[in-house]
Amino acid sequence: MMKKKFKKFFAFAMALVMTMSVMFSMMSVSAFAVTQSEIDSLRSQKSQLSSQKNQVQSTINSLQGQQGDLISLKNALDEKNAITVKQILNLNEQIELHTQLIEQKTEEVEEAQKTADEQLEKYKVRVRAMEEAGRYNYFEVLFGANSIGEFLSLIDDIGDIMRSDKELENSYRQSVTDLKAVKEEYEEAKTEMEDTKAELEDLKVQQEADIQEATAVIASLQSDINAKSGVLSQLTEQEKQLNADIQNKVNELNRQQEQNKPQPNPGGGSTIGTGNLVWPSYCTYITSRQGPRTHPVTGEYKNHGGTDIGASYGSAIYAADSGTVVRSADGWNGGWGNYVMIDHGNGMQTLYAHMSSRAVSVGQTVSRGQTIGYVGSTGMSTGPHLHFEMYVNGSRIDPQTRYPGVSFTYSANA
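Residues numbered from 1 in each chain as written. Predicted model: local features only at pLDDT ≥ 70, side-chain atom pairs only at ≥ 80, totals over all residues. Heavy atoms only, no water.

## Here we look at the overall build of the protein chain
Stage number 1. Scanning the protein chain for helices and strands turns up 4 helices and 13 strands.
Stage number 2. Across the 414 residues in the protein chain, those meeting the buried criterion constitute 32%.
Stage number 3. In the protein chain, the proportion of contacts linking residues at least 24 apart, taken out of those at least 6 apart, comes to 71%. (Helix = DSSP H or I, 4+ residues; strand = E, 2+ residues; numbered from the N terminus. Buried < 20%, exposed > 50% of the residue type's maximum accessible area, 1.4 Å probe, protein only. Contact = heavy atoms within 4.5 Å.)

## Structural notes on the pairing of strand 10 (residues 371-375)
Stage number 1. Sheet analysis places strand 5 (residues 316-318) next to strand 10, joined by 3 bridges and oriented antiparallel. What sits directly across from Y318, in strand 10, is T371. (Pairing = 2+ DSSP bridges.)

## Notes on the pattern of salt bridges
Stage number 1. Inspection of the entire model under this criterion finds 8 salt bridges.
Stage number 2. Measuring nitrogen to oxygen at the nearest pair gives 2.7 Å for the salt bridge that ties E208 to K204. Taken together, the residues E208 and K204, both in helix 4 (residues 148-253) and 4 residues apart, mark about one turn of the helix.
Stage number 3. When its relative accessible area of 32% is taken as the criterion, E208 is described as partly exposed.
Stage number 4. On the basis of relative accessible area, K204 is assigned to the partly exposed category, the value being 22%.
Stage number 5. Here R358 makes a salt bridge to D330, at a shortest N to O gap of 2.7 Å. Separated by 28 residues along the polypeptide, R358 in strand 8 (residues 348-358) and D330 in the loop between strand 6 (323-329) and strand 7 (338-345) bring together distant segments of the chain.
Stage number 6. D330 gets classed as partly exposed once you look at its relative accessible area, which sits at 47%. (Salt bridge = Lys/Arg side-chain N within 4 Å of Asp/Glu carboxyl O.)

## What to know about the nonpolar core
Stage number 1. The biggest cluster of nonpolar side chains holds 25 residues, and the ones touching the most others in it are I342, Y352, I372, F388 and Y403.
Stage number 2. The next biggest cluster of nonpolar side chains, apart from the first, holds 20 residues, and it includes L42, L70, L221 and W332. (Core = buried A, V, L, I, M, F, W, Y, C linked by side-chain atoms within 4.5 Å.)

## Remarks on the pairing of strand 1 (residues 285-288)
A regular strand places its side chains so that they alternate between the two faces of the sheet.
Stage number 1. Two elements, strand 1 and strand 13 (residues 409-410), share 2 bridges in a ladder whose sense is parallel. Across the sheet, the residue bridging to I286 is Y410, located in strand 13.
Stage number 2. By the bridge criterion, 2 bridges tie strand 1 to strand 4 (residues 307-309) in an arrangement that is antiparallel. Residue S288 lies in a different strand from strand 4, and its bridge partner there is D308.

## A few points about the environment of A329
Stage number 1. Along the polypeptide, A329 turns up in strand 6.
Stage number 2. Judged by its relative accessible area of 22%, A329 is partly exposed.
Stage number 3. Other than its neighbours up to four places away in sequence, A329 contacts G337, N338, Y339 and R358.

## Examining the environment of E96
Stage number 1. With respect to the secondary-structure elements, E96 resides in helix 2 (residues 36-133).
Stage number 2. Overall, E96 belongs to the partly exposed group, its relative accessible area being 43%.
Stage number 3. Put simply, E96 and K190 are 94 residues apart on the chain and 8.8 Å apart in space, counted from C-alpha to C-alpha.

## Side note on a negative patch on the surface
Stage number 1. Negative charge collects at one region of the surface, where E184, E185, E188, E192, E194, D195, E199, E201 and D202 lie side by side.
Stage number 2. Structurally, E184 can be placed in helix 4.
Stage number 3. Since its relative accessible area comes to 47%, E184 is described here as partly exposed. (Patch = residues over 30% accessible without salt bridge, like charges linked within 9 Å, V, L, I, M, F, W, Y side chains within 5 Å. Areas by Shrake-Rupley, 256 points an atom, 1.4 Å probe, with all protein chains shown as cover. Lys, Arg positive; Asp, Glu negative; His and termini not counted. Charge placed at Lys NZ, Arg CZ, Asp CG, Glu CD.)

## Quick look at the environment of L232
Stage number 1. Residue position: L232 is located in helix 4.
Stage number 2. Look at L232 and you get buried, because its relative accessible area is 14%.
Stage number 3. Aside from chain neighbours lying at most four places away, what touches L232 is K53, V56, Q57 and I60.

## Overview of the side chain of S381
Stage number 1. Tracing the chain through its elements places S381 in the loop between strand 10 and strand 11 (386-392).
Stage number 2. Residue classification places S381 among the buried residues on the basis of a relative accessible area of 2%.
Stage number 3. Of note is the side chain of S381, whose polar atom sits 2.9 Å from the side chain of S377.
Stage number 4. When near neighbours in sequence (up to four residues on either side) are disregarded, S381 contacts K74, I211, T215 and H354. (Polar contact = N/O pair within 3.5 Å; in protein donor to acceptor, adjacent residues only side chain to side chain.)

## A closer look at unusual backbone geometry
Stage number 1. In this structure, N333 takes a positive phi of about 50° despite not being glycine.
Stage number 2. With respect to the secondary-structure elements, N333 resides in the loop between strand 6 and strand 7.
Stage number 3. Accessibility expressed as a relative area gives 29% for N333, which makes it partly exposed.
Stage number 4. A positive phi angle is found at N346, which is not glycine, with a value near 55°.

## Brief notes about the packing of aromatic side chains
Stage number 1. For the coordinates displayed, the defined rule picks out 5 aromatic pairs.
Stage number 2. Taking the centre distance of 4.8 Å and the plane angle of 65° together, the rings of W279 and F408 count as edge-to-face. On the criterion of sequence distance, the pair formed by W279 in the loop between helix 4 and strand 1 and F408 in the loop between strand 12 (395-397) and strand 13 is long-range, its members being 129 residues apart. Of the two residues, W279 and F408, both sit in the buried class.
Stage number 3. These aromatic residues form a ring-pair network of at least three members: W279, Y352, F388, Y403 and F408. (Phe/Tyr/Trp six-rings, centres within 6.5 Å; stacked < 30°, edge-to-face > 60°.)

Have a look at this one:
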């Protein structure tokens, strides 16, 4: 009897175990299985992210459009201001020339006046001498003459001498008058040029104020663009993660292995420089060193990637060493303005920014000390200077450390 009961209990227990085993097996499969609804849900999230990305990208495009218009305006202002500077320089030369001419005419007037006064004095002396000697007395001439013909001849001689003296004096005085008139014309021309120069100086001040204002607005827009770009990057990263999750779910659902994509590994070469560097400008006056500083336009405290050299507008920029031009472009270029970058080989590269104009193009081989462009104020700049950067193996370094023999001077804010 007991054996029968035990057999029944054992059979029931085994059946229960098998049932539980099947249930746990089914629960396990259900817990780890991937469903199409999960994939659809992830795709819905991705769609929402894409919509947010489009909205942010649209805002960035609008900001970049506004910035582009302002950059075009600033470029036009830069060109107009450059013309104004050249006009002022030309007027300075003209004013200096007229100043010299006025000084020359002043000396000529004084000399002519002196000659005229001396001639007048000679005339007066002659008249007094004739009166004292009695030669100017017509009666004495009359009685001293042996004939009417001799009398008339003497009278004519006296008249000729007196007229000659007077005409000579008048000629000298007319010369003084003419020279004074020419001098006055020079003075009037100089005054007009000085007035024009003053107007151009006022215009230059206004233009530079407009340039600074435009640069500040461009920088503000760039800050907004950077903020929106940060949001866009986050959304893109989330979208990327969702894509990965979706792909993993699809692969798991289809029982396929995930495939890895190889990463590109670009490479290249460059022309080898001499290794003997030349300073890129005639000027060694440093207005801002490389390193942390308060940005003069944005007011942000951030790292300054290069060295600012206070060279004059239009002065030549020299290649620090031989190499190959790898970048050469006009425009805003992230604030660099017109710029050139040279690969010197052995891992070294140099960059020259804010040029007024470039003298070399991409792919061109340049020699050490060759003129590659001219100093300007394009890009995020409020005045003419050369922004000089140096890279070694892709990392920025302080360019001044490679010029131990150069003597530098610094501005108060450098």
